[in-house]
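# Working through the structure, step by step
The primary structure of each chain is shown beneath.
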Amino acid sequence: MSSFADDLFIFEIANNHQGSVEHGKRIIDAMGDIAARHGIRAAVKFQYRDLDTFIHPDFRDREDVPHIPRFLTTRLSDAQFEALIDHARSRHLVTVVTPFDEVSVRKCIDQGVDILKIASCSATDWPLLEAVAGAGKPVIASTGGVTLSEIDKVVSFFGHRAVDFALMHCVSIYPTPNERLHMSFLARMKNRYPDIAVGYSGHEAPDNTEVVIAAVAKGADLLERHVGVPAPDRGIELNKYSMSPGQADAWVAAALRAREICGPGEDKTVSEAERQAIRDLARGVYAAGSIREDERI
């Protein structure tokens, strides 16, 4: 199993930095505080797009495609992203990046990013996966909207290239209602790929801590959520699937409680105190009549 992914909490910043290094650092600091408070191994994740080639020139001014103005208005330079990567390292956080194109993969390599993440929408983008596989980095692949046969192909692809990788059960609905989470599929993935770490990347409502408990109970090895820091005075509000620092703290706490409840593995540990408790309640044997000291029973 991929040790790089064990017990990892990933805080996905996405575009919630709002195109501001200062605000991005504010998010990183909030997540670093949560990681330190709970004593967890945590990462912050960024998204890299080479927007000059990612968006077709004829579409750059289109406002009817909501992703385009969001990407362009929150654009950061390579140097600005590097400043955020450095700040994450200063807070002892693992660095993760989702590259959406080959240029961004090269940027990840140049910046020494720790882990590369494949977005669900890129799970069958084989040229991109080839570039990621060649980067020599651990990889996490999300599977939202991806069929089981397609997941098999991703597993085969990375397996044949000796890539150290993990999978994430994910549902690409924003936000995801409980009835669409299909959390039992996570357990199916763990049974199907026993040598691969399998986690959960969530998009449910940010105040919903029940889902992460279910994910841990189904065996999630790593966990991911979108996070941000609201700043109403700056006009910064969070979307319907991103957690505020308070919600992220509650999410981590719920996950840790679930891990405690589930225990460290599938083995059963019986303590001497528990053995004594059942001995105290078990029925014994006694003689129906008197027995002489030298009488053979």
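For the structure itself, look to the data block above.
Fair warning: this is a prediction, and the values are worked out from it, not measured in the lab. The written sequence of each chain sets the order in which its residues are numbered from 1. Under the rules for a predicted model, residues below a pLDDT of 70 receive no local features and side-chain atom pairs below 80 are neither given nor counted, while totals for whole chains, interfaces and linings still include all residues. Note that the side-chain values use all heavy atoms of the structure and ignore hydrogens as well as water.

## Description of the environment of alanine 43
To be explicit about the condition: Strands are runs of DSSP state E lasting at least 2 residues, helices are runs of H or I lasting at least 4, and numbering of each runs from the N terminus. Relative accessibility under 20% of the residue-type maximum defines a buried residue, over 50% an exposed one, and the middle range a partly exposed one, all with a 1.4 Å probe and only protein chains included.
Summarising the element assignment, alanine 43 is placed in strand β2 (residues 41-48). Classification of alanine 43 as buried rests on a relative accessible area of 0%. For the pair formed by alanine 43 and alanine 277, sequence separation is 234 residues and the distance between their alpha carbons is 43 Å.

## What to know about the packing of helix α6 (residues 126-133) against helix α7 (residues 148-160)
Under the convention used in this document: For helices, the axis comes from a line fit to the C-alpha atoms of the stretch in contact; other axes are also lines fit to C-alpha atoms, and the angle between any two N-to-C directions lies between 0 and 180 degrees. The sense of a crossing depends on the near helix, which, turned anticlockwise from the far helix by less than a right angle, makes the crossing left-handed and, turned clockwise, makes it right-handed. Only heavy atoms enter the contact rule, under which two residues are in contact if any of them lie within 4.5 Å. For this scheme, ten residues count as nonpolar: Ala, Val, Leu, Ile, Met, Phe, Trp, Tyr, Cys and Pro. Four count as charged, namely Asp, Glu, Lys and Arg, and the remainder, Gly too, count as polar.
Contact geometry for α6 and α7: axes closest at 11 Å, N-to-C directions at 35°. For α6 against α7, the interelement crossing comes out right-handed. For the pair α6 and α7, contact is made by Trp126, Leu129, Glu130 and Ala133 and by Lys153, Val154, Phe157 and Phe158, respectively. Tallied by class, residues from the contact of α6 with α7 come to six nonpolar, no polar and two charged.

## A few points about α6
Put simply, the test is: Think of it as the arc spanned by the lines of direction from the helix axis to the C-beta atoms.
Among all positions in α6, only Leu128, Leu129, Val132 and Ala133 are buried. Each buried residue of α6 lies within a common arc of 135° when the element is viewed along its axis, so the set occupies one face.

## Describing the pairing of strand β1 (residues 8-12)
The criterion, for reference: Two strands form a pair only when DSSP identifies at least two bridges running between them. Orient the strands so they point away from the viewer, and a crossover whose first-strand-to-second-strand path over the helix runs clockwise is right-handed.
Counting buried positions over the five residues of β1 gives five, a clear majority of the element. Every second residue of β1 is oriented toward a common face, with Leu8, Ile10 and Glu12 on one face and Phe9 and Phe11 on the other, all of them buried. For β1 and β2, the ladder comprises five bridges, and the chain directions are parallel. Considered in β2, the bridge of phenylalanine 11 is made with valine 44. Each parallel crossover has a hand, and the one from β1 via helix α1 (residues 21-38) to β2 is right-handed.

## Observations concerning the layout of surface pockets
Our working rule: Cavity: a set of points on a 1 Å grid over the protein atoms alone where a 1.4 Å probe fits but cannot get out. Pocket: an open set with protein on both sides within 12 Å along at least five of seven lines, its lining residues, like those of a cavity, having an atom within 4 Å of a point. Grid points are joined across faces, edges and corners, and a volume is the space filled by probe spheres set on the points.
Roughly 740 Å³ of volume is contained in the largest pocket. Contributing to the lining of the largest pocket are 33 residues, with Gln47, Arg49, Arg70, Tyr174 and His226 lying nearest its centre. Listing elements by their share of the lining of the largest pocket, those giving two or more residues are β2, α3 (67-73) and β8 (222-226). Here the lining of the largest pocket gets four residues from one element, more than from any other, and that element is α3. Split by residue class, the lining of the largest pocket holds 12 nonpolar, 14 polar and seven charged. Empty space within the second largest pocket amounts to approximately 560 Å³. Considering the residues around the second largest pocket, the lining is formed by 20 residues, among which Lys190, Gly219, Ala220, Asp221 and Pro264 are closest to the centre.

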